[in-house]
Structure formats: structure tokens, C-alpha cells
Amino acid sequence: MNTVMELIAAELKKAFTDCGYDESYAKVTVSNRPDLCEYQCNGAMAAAKSYRKAPFVIADEVAGRLADNTMFETIESVKPGFINITIGREFLAEYLDKMAAADKFGYSLNEEPKTVIVDFGGANAAKPLHVGHLRSAVIGESVKRINKYVGNNVIGDVHLGDWGLQMGLIIEELRDRKPELPYFDDSFEGEYPKEAPFTISELEEIYPAASAKSKEDEAFAKRAHTATLKLQSKDPACTAVWKHIMAVSKQDLKKNYDNLNVSFDLWKGESDAQVYIPDMVQKMIDDGIAYESQGAMVVDIQEETDSKELPPCIVRKSDGAALYATSDLATLVEREKDFHPDSYIYLADKRQELHFTQVFRVAKKAGIVKPDADMTFLGFGTMNGKDGKPFKTRSGGVMRLESLILEIEEAVYNKITQNRSMTEEEAKATAKIVGLAALKYGDLSNQASKDYVFDIERFSSFEGNTGPYILYTIVRIKSILNKYKENGGTMDNLSVNAAGSAGEKNLSLALTKFADMIESAYAEKAPHKVCQYIYEVSNAFNGFYHDTKILSESSESLKKGYIALINLTKAILEQCIELLAIECPERM
Ligand code: ARG
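Predicted model, so just to flag it, every value in this text is computed and none were measured.

Digging into the pattern of salt bridges
Logical step 1: Scanning all chains against the criterion turns up 41 salt bridges.
Logical step 2: The partner of Glu202 in a salt bridge is Lys178, and the shortest N-O contact between them spans 3.7 Å. Within this pair, whereas Glu202 is found in helix 7 (residues 200-216), its partner Lys178 is found in the loop between helix 6 (165-177) and helix 7, the two being separated by 24 residues in sequence.
Logical step 3: Note on Glu202: relative accessible area 34%, which makes it partly exposed.
Logical step 4: Among the ionic pairs, Glu303 bridges to Arg361, the shortest N-O distance being 3.5 Å. Here Glu303 is found in the loop between strand 8 (296-299) and strand 9 (313-316), whereas its partner Arg361 is found in helix 13 (residues 353-365), with 58 residues between them in sequence.
Logical step 5: Given a relative accessible area of 39%, Glu303 falls into the partly exposed group.
Logical step 6: Three or more residues joined by partner-sharing salt bridges are found here, namely Glu172, Glu173, Arg175, Asp176, Arg177, Glu205, Lys213 and Arg223.

What about the sheet that holds strand 4 (residues 82-87)?
Logical step 1: Spatial strand order, 1-2-4-3: four strands in an open sheet with antiparallel pairing. If you trace the sheet from one side to the other, it starts and ends with strand 1 (29-30) and strand 3 (72-78), each paired once.
Logical step 2: Inspection of the sheet shows strand 3 paired to strand 4 by six bridges, in the antiparallel sense. Across the sheet, residue Phe72 finds its bridge partner in strand 4, namely Ile87.
Logical step 3: Sheet contacts for helix 1 (residues 4-18): strand 1, strand 2 (39-41), strand 3 and strand 4; angle to strand 4, the most-contacted strand, approximately 135 degrees.
Logical step 4: Sheet strands in contact with helix 3 (residues 55-65) are strand 3 and strand 4, and its direction is about 160 degrees off that of strand 3.

Quick look at the sheet that holds strand 5 (residues 115-119)
Logical step 1: Read across the sheet, four strands follow the order 6-5-10-11 without closing on themselves; strand pairing throughout is parallel. Strand pairing shows two members of the sheet lacking a second neighbour, strand 6 (153-157) and strand 11 (374-380), which therefore form its edges. Pairs of neighbouring strands in the sheet enclose a mean axial angle of 15 degrees, with direction left out of account.
Logical step 2: Of the strand pairs in this sheet, strand 10 (residues 343-349) and strand 11 are connected by seven bridges, and their pairing is parallel. Within strand 11, the position partnered with Ile345 by the bridge is Thr376.
Logical step 3: With respect to the sheet, helix 13 is in contact with strand 10 and strand 11, its orientation differing from that of strand 11 by roughly 175 degrees.

A few points about the nonpolar core
Logical step 1: Counting residues in hydrophobic clusters, the biggest one holds 162 residues, and the most contacted among them are Ile8, Leu12, Phe16, Ile83, Tyr257, Leu404 and Phe514.
Logical step 2: The element contributing the most residues to this core is helix 21 (residues 556-579), with 11 residues.
Logical step 3: Membership of the second largest hydrophobic core comes to 33 residues, among which are Ile277, Ala290, Met297 and Ala330.

Some thoughts on the site of the ligand
Logical step 1: Close to the ligand lie Asp119, Gly122, Asn124, His133, His159, Tyr324, Asp328, Tyr346, Gln352 and Phe356, which account for all nearby residues.
Logical step 2: Take Asp119: an N or O atom from its side chain is 2.9 Å from a nitrogen atom of the ligand.
Logical step 3: Within the side chain of His133, one N or O atom sits 3.3 Å away from an oxygen atom of the ligand.
Logical step 4: For the ligand, whose free accessible area comes to 350 Å², the fraction covered by protein is 87%.
Logical step 5: Per-class residue counts for the shell around the ligand are three nonpolar, five polar and two charged.

Calculation criteria
- Residues numbered from 1 in each chain as written.
- Predicted model: local features only at pLDDT ≥ 70, side-chain atom pairs only at ≥ 80, totals over all residues.
- Heavy atoms only, no water.
- Salt bridge = Lys/Arg side-chain N within 4 Å of Asp/Glu carboxyl O.
- Helix = DSSP H or I, 4+ residues; strand = E, 2+ residues; numbered from the N terminus.
- Buried < 20%, exposed > 50% of the residue type's maximum accessible area, 1.4 Å probe, protein only.
- Pairing = 2+ DSSP bridges.
- Contact = heavy atoms within 4.5 Å.
- Axes fitted to C-alpha atoms, helices over the stretch in contact; angles between N-to-C directions.
- Core = buried A, V, L, I, M, F, W, Y, C linked by side-chain atoms within 4.5 Å.
- Near = heavy atom within 4 Å.
- Polar contact = N/O pair within 3.5 Å; in protein donor to acceptor, adjacent residues only side chain to side chain.
- Areas by Shrake-Rupley, 256 points an atom, 1.4 Å probe, with all protein chains shown as cover.
- Nonpolar A, V, L, I, M, F, W, Y, C, P; charged D, E, K, R; others polar.

In short, shape yes, function no, at least from these values alone.
Set out below in C-alpha cells:
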């Protein structure tokens, strides 16, 4: 379906041409003076120069041509040469009916679908998920869903950090705690136990303890480093412990991601890429891309147009240990082989910018991906506390994701139980859904690259640009529709009214912008565009609701038109929150 903007542009093109001007001047934008008009065309201003005429004369001619066109309620030239447009009400109603009947409300992708890899989540095995990982999961899930929605073939990969020093630390800490285990008996020759020698809570406690110890105890730090190298060179005992760590940790991570309503098509990790490293690095050496520097192998990435100096990318350390960048490069080798992706989107803290610049450039230079491969690093900002510093627990520690979720659930629970009568059970279940929505919306409504302040009070408020406000709007519509049906109303043959009030027209117009919004949220990989739109639609709905008696309207046909309009509003809002991986309760 063409967007309203495209339809207006088509009419304007005809009018410009009919009046003897080039159609390229017929550009339409959403009005930046909504008090004066809904759309505008400033083409006459530009045309004036080429045609040596006063802009107003051109605008007047063009607008005059379209005076009787039913697509417009008004189309006027105003000095010095703008064309101000408001949309015809019949036209608008018909357009909305078409949207309601169309697949994806009339949105369609205007390019061939692509295969897209979204690398997000990025949890580190055996370390608890903390709020730093929240953004990656929440934004990545939405970017993934937006890409799926437009019709791309999307593969989401959690890309676990499962091959680093944390493994050596855990192995050595375990040795100190349980030296009797067979993994630490060099003469052991049997089969290692199937059962993990720790539970997830033990594991969660082991890592921070080991990490702290390594900072104080140099010998321990050395042992951990050696154990990591041994694991990376396939030592059977270290590998056996590693497998236990992975199994226990993955199970827990899955649970956590499930709770966030975040899912992955692939559960690959850095470890899966290791087999590709030797050949990959050798080829870089053979091709003369990688060279030796202080015992390490490095690749230059500096380009002429860079404004600052960028350090070379180390692809092999002098001790042969795997590096973060090497793993990411080898992962690309694997992904190219398995999926031939058209594009890559990576989510990580924006402080990892240099890392991704290095990886992308080396990958192109080494021919791992095509020279013009479409690779995006979507670096996100930090979630800060009200003091403007990275968010911490009350006692100053790093906040665990689970605790954070509990805190916001509690805030929402208190709000719900203050104002409404609900059974304890329902209030709890509702608080879970709404709390998560508050958290996600609070995050997603900001441009991803920006830092933002985590403010429980504001995020859980039922007013303003918040998750609860949006959900409350949807719940309100659901309740009106339910009452309508209870009173015998039918949902057959719904058709929107030619808008009467300003509120009705405003809501109608907002709904028509769905496809434009999807287009820009997709092109810019920007979930906050979905949030902006949801907020606009919700406000428009609440404005309409405020000044319209929907269910008590005496004219049946008017009432049914209202129902058609709010039913479409609900469908669009529900689709939008799904793109953000936010759910809506039945009541709240
Ligand atoms: N595990 C990393 C971290 O916690 C994030 C991984 C991001 N993805 C990637 N392909 N490097 O910082």
C-alpha cells in the first residue's frame, strides 16, 4: 500500500507537471506547524529560482489545480510560497479501512529481503547477568523483531563469552575448594563424572571470589592464566570442567533470557569459533596482511580518512592465547560459511567501538567478508543511576539483573494495589508483566547510543511517556471493546467514520503513519522510533477518548465507526509493543 505521504506526493507531481513545472519539486513532508496544517510542500520555493517566478505564484497555481481534489480537505498557498495541506476526511476513513484489511497494515518492504545476523545478548558464561547486559538483550531483541517483521531472514545469536580468563579462574578456585575432585588428580584415568561439581548458586559465588583472589594473589592469577591456556589447548581435565560450567551456566542464562522474553536462534559462543583461528591467521600471514610486532601478529587498520590514529588489531598474542578480536573474526568465518549473511548487526556497550572498528576492517581487508559488507555496530550507552553514575545497588555493588527486575515489579505492584481491587494473585501476575514493560520501555524509548538515567519512579508511572501508560491505554481500549461486545455490539463490517472531531481526525492521522514509522525504525535500527510512535498514538487515542462518548453514542453507525477506529488503534499498538517484546495484561 502506498503511504499517505506518497499518495499526496503523486497528486502534487501531477499538479506541478500540469502547471509546467518539474515534478521533482513535489516533495511532501509532515507539517512542522501542526496548528496550521497536516502536511506541507515547500517545492514552490525551490522552483521559483529555476523558473524566475515569485514562489507564491507557483504555490498558488499548483494549489489551485488541486482545489477540487477529494484527497484534501484544504490545500492552500501561503506566503511566501508554502503549500499547506489537510487531508480529506472521507479519504482518511477509506485509507484506514484499507489498512485494517491489509497485511501488516499496508506496510511492505521496498527491497529484496535479506539475511541478517543480529549478534546480541553477549552474556559471559559463569558470570551472572548484570544490568550492563540488559540493554544488549532488550535493544537487540527489538532490532531482531523489527527486522523479522519487515520480512528479512533474521538469525539472532547470543554469542556467549565462554572462552576467556573467567574459565581459568573458576577451574583454579574449584581446585582450591575441592582438591579431591578427579579433574585435579593427574593420575586419574577413568571417565569424568556426568554430574557438575557445583550448582548455579555455587558457580555464581565462585567466579567473583576467584576474580577477587586473583587480584591479591599473584600465584593464583598465574595458575588461572595457565589453566585458561590449557583449556584453550584442549586439556581433557580443563575441558571436562569447562563443559560443566557451560551446561550449568547456559541453563541459567536461558531461564533469565526467557524471563525477559528474549530469545536466540543460535546459542553459539566464542569457543565455537576457535577451530577456524589457525587457518584464518595463517592466511592473513600468507596474504601479507598480518605481520609480526613484538612477538604478536597484528593487522593494520588505519585508513587515510581517519581523523585519529587507530591501533593495529592484534590477531595472535605472543603466548598464542585467543583474543576477543580473533574470536570475533573467526566467528565471521563461521557465519559466512553457514549463512552467507547480507548484513550484520552487533550490539554491545559503545565503549567497544574500537574493537568493532578493528574487527570490521580486518574482516574486509582479509576477505573474510565482502569488501562492501553491510556491518553495523550498534553501540549503546550506559544505564546510570540518579546520581549520573553507572547504576549500582544501594550498597554500591553491581546490580544483578534479577534484583533490578524484582525492584521494578515491586514498584508497579504497589501502584496497582493502591488504586485497584485485584486478587493478590492477579496483582502479582500483572505487576510482573507491567514491571518488565516499564523497564524495557524506559530503556527503548531512549536513542540507544545515549546514556540514560534509570528512574524507577518515572519508569513505573502510569502517566507520561512510560511503559505502564502505553499498556494502560491498550487495556482501556480492550475494556471498551469488551463492554461493546457485552452489550451486543458486533465486530463485523467495521468501517471507520469520516472523522468528525479534531480528536478523531488526529487519531486517524496518527494511525496512517504506521508504515512510515516501520520504515524508519528499520532503516535506522532504532526501536526508539517505535516508542515515539506508540506514544503519539496513545496520546491521540486518549485525547479522542476524553472528548468522545463512544459507547453511549446514540447513532449506531457513528458508534460503530468509533469502534472500528479504536479496534484498529488497538491492533496497531499491540503490533508495536510486540516489536519491543513487551506484553500487555488483560486488566491493570
Ligand atoms: N561478551 C561481551 C561482553 O560482555 C559482549 C559480546 C558482544 N558481541 C561480540 N560479538 N563481541 O562485553
